[in-house]
Amino acid sequence: GEYGVRDINSRVQSLDQLYAQAAGLEMFLVSKVQSWAMKTKGMFQIVSPYGKPEFQLWEKLKGKKAAQKVVWGKLKHLERAGRKVHRAYQGDVSMLTDVCRQSIVFANLKDLIGCMRTIMLDKEVCVEHFKNRYNPRNLATKTCGFRNVIVKLRAVVDHTKWLGLETHVCEVELVLEPYAGLRAMDPGRHLRYTAFRDIWRL
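Here the residue numbers are simple positions, counted from 1 along each chain's written sequence. For a predicted model such as this one, the threshold for reporting local features is a pLDDT of at least 70, and the threshold for listing and counting side-chain atom pairs is 80 or more; totals across whole chains, interfaces and linings nevertheless cover every residue. Calculation of side-chain values draws on the structure's entire complement of heavy atoms; hydrogens and water are dropped beforehand.

**Q** Outline the overall build of the protein, supporting the account with residue identities and numerical values.
**A** Working definition: helices are DSSP H or I runs of at least four residues, strands are E runs of at least two. Numbering for both runs from the N terminus. When you go through the protein residue by residue, the secondary structure sums to eight helices and six strands. Walking the protein from its N terminus toward its C terminus, one meets helices and strands in the order α-β-β-α-α-β-α-β-α-β-α-β-α-α. Working definition: with a 1.4 Å probe on protein chains only, accessible area under 20% of the residue-type maximum means buried, over 50% means exposed, and in between means partly exposed. Per-residue burial over the protein gives 41% buried out of 202 residues. Within the protein, contacts between residues at least 6 apart in sequence are counted, and of these 67% link residues at least 24 apart. For the accessible areas, the method is Shrake-Rupley and the probe is 1.4 Å, while residue cover comes only from the protein chains on display. Surface exposure of the protein reaches about 12000 Å², of which carbon and sulfur atoms provide 55%. Residue contacts are defined here by distance: any two heavy atoms, one from each residue, within 4.5 Å place the two residues in contact.

See below:
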């Protein structure tokens with residue numbers, strides 16, 4: 001490529017590089033999901049003293065002490081990332097696109113769809129792919145009943161370009177509250193799903 005110009009087709013070849021990029025994008029992605037949630041009645045899970053999953057509208061949390069209780073998404077566990085690269089992508093690290101991720105929860109599909117549109121119109125991100133698991137053609141036998149919308153996107157603002165992060169793909173999950181609640185009550189549910197998916201891909 002041209003000297004001094006980043007080649008967007010150049011692939012990441014190590015998990016170290018991928019995680020360095022993901023760490024650099026964490027706060028940007030958090031700020032974006034907050035913005036989108038504010039515009040579309042999005043909710044986030046908060047730490048509840050009652051032991052049950054609790055979700056609250058960001059418009060009611062922003063600027064308040066309760067916002068400190070939000071359970072933000074963490075970078076994908078390194079061990080899980082290694083397994084996924086090996087089993088799903090035949091060792092191609094560049095195919096892993098869910099290291100930096102966040103979720104927004106909605107009370108109904110209308111608000112969820114509104115958020116999809118808001119993301120599509122946001123000039124600070126470039127949407128690479130949508131995965132719609134609410135589509136009836138998405139068979140439950142292949143997803144273990146998982147229902148959500150996954151948005152793959154890149155951050156294309158000046159500071160991410162300056163840091164060389166604009167090629168990194170992040171993941172935003174849009175999910176309805178009833179399912180999010182069930183999943184939060186049973187953390188092992190997702191582990192069983194990923195184990196099933198790994199076996200199904202063999």
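**Q** Could you give an account of the environment of Leu-176, naming the residues involved and the relevant values?
**A** Here Leu-176 shows up in strand 6 (residues 169-176). Here the alpha-carbon distance between Leu-176 and Leu-112, two residues 64 residues apart in the chain, equals 7.7 Å. Non-local contacts of Leu-176, meaning those with residues more than four positions away in its chain, are made with Val-105, Phe-106, Ala-107, Asn-108, Leu-109, Leu-112 and Tyr-134.

**Q** I'd like a description of the packing of aromatic side chains, backed by residues and values.
**A** In this scheme Phe, Tyr and Trp rings, the latter by its six-membered ring, pair at centre separations within 6.5 Å, and the angle between planes marks the pair as stacked below 30 degrees, edge-to-face above 60, and tilted otherwise. Per the counting criterion, the structure on display carries three aromatic pairs. Their ring planes at 80 degrees and their centres at 5.7 Å tell us that Phe-44 and Trp-58 sit as a pair that is edge-to-face. Of the two residues, Phe-44 sits in strand 1 (residues 43-46) while Trp-58 sits in helix 2 (residues 58-61), which places them 14 residues apart along the sequence. A relative accessible area of 2% places Phe-44 in the buried class.

**Q** Summarise helix 3 (residues 78-88); cite the residues concerned and give the values.
**A** Those residues of helix 3 not exposed but buried are Arg-80, Ala-81, Lys-84, Val-85 and Ala-88. Taken around the axis of helix 3, the buried residues stretch over an arc of 135 degrees, which confines them to a single face. In this structure, helix 3 carries Leu-78, Glu-79 and His-86 as exposed residues pointing more than 90 degrees from its buried face. Count one or two residues on from helix 3 and you reach Gln-90, which has phi positive near 50 degrees. This arc is taken over the directions from the axis of the helix to the C-beta atoms.

**Q** With reference to specific residues and values, describe the pattern of salt bridges.
**A** Should a side-chain nitrogen of Lys or Arg be within 4 Å of a carboxyl oxygen of Asp or Glu, the pair is scored as a salt bridge. Counted according to the given criterion, the structure contains nine salt bridges. In this structure, the salt-bridge partner of Asp-92 is Arg-11, at a minimum N-O distance of 2.7 Å. Linking Asp-92 in the loop between helix 3 and strand 3 (101-106) with Arg-11 in the segment before helix 1 (15-40), this pair joins segments that are 81 residues apart in sequence. Residue classification places Arg-11 among the exposed positions, given a relative accessible area of 53%. Of the charged contacts, one joins Asp-98 and Lys-84 as a salt bridge, the two residues approaching to 3.0 Å between their closest N and O atoms. Note that Asp-98 is positioned in the loop between helix 3 and strand 3 and Lys-84 in helix 3, a separation of 14 residues in sequence. One exposure class covers both Asp-98 and Lys-84, and it is buried.

**Q** Can you lay out the side chain of Arg-154 for me, pointing to particular residues and giving the numbers?
**A** Relative to the assigned elements, Arg-154 resides in strand 5 (residues 149-155). Identification of polar contacts relies on pairs of N or O atoms within 3.5 Å, with a donor-acceptor requirement for protein atoms, meaning one able to donate a hydrogen and the other able to accept it, and with residues adjacent in sequence counted only if both atoms are side-chain atoms. Reaching out from Arg-154, the side chain makes a polar contact with the side chain of Glu-128 at a distance of 2.6 Å. Those residues in contact with Arg-154 that sit more than four places away from it in its chain are Glu-124, Val-125, Cys-126, Glu-128, Glu-166, Thr-167, His-168 and Val-169.

**Q** Could you give an account of the environment of Leu-153, with specific residues and numbers?
**A** Secondary-structure assignment places Leu-153 in strand 5. Sequence spacing of Leu-153 and Cys-126 is 27 residues, and the spatial spacing of their C-alpha atoms is 5.4 Å. Aside from chain neighbours lying at most four places away, what touches Leu-153 is Leu-29, Trp-36, Ile-119, Val-125, Cys-126, Val-127, Glu-128, His-168, Val-169, Cys-170 and Val-172.

Read these as spatial facts, not as claims about activity.
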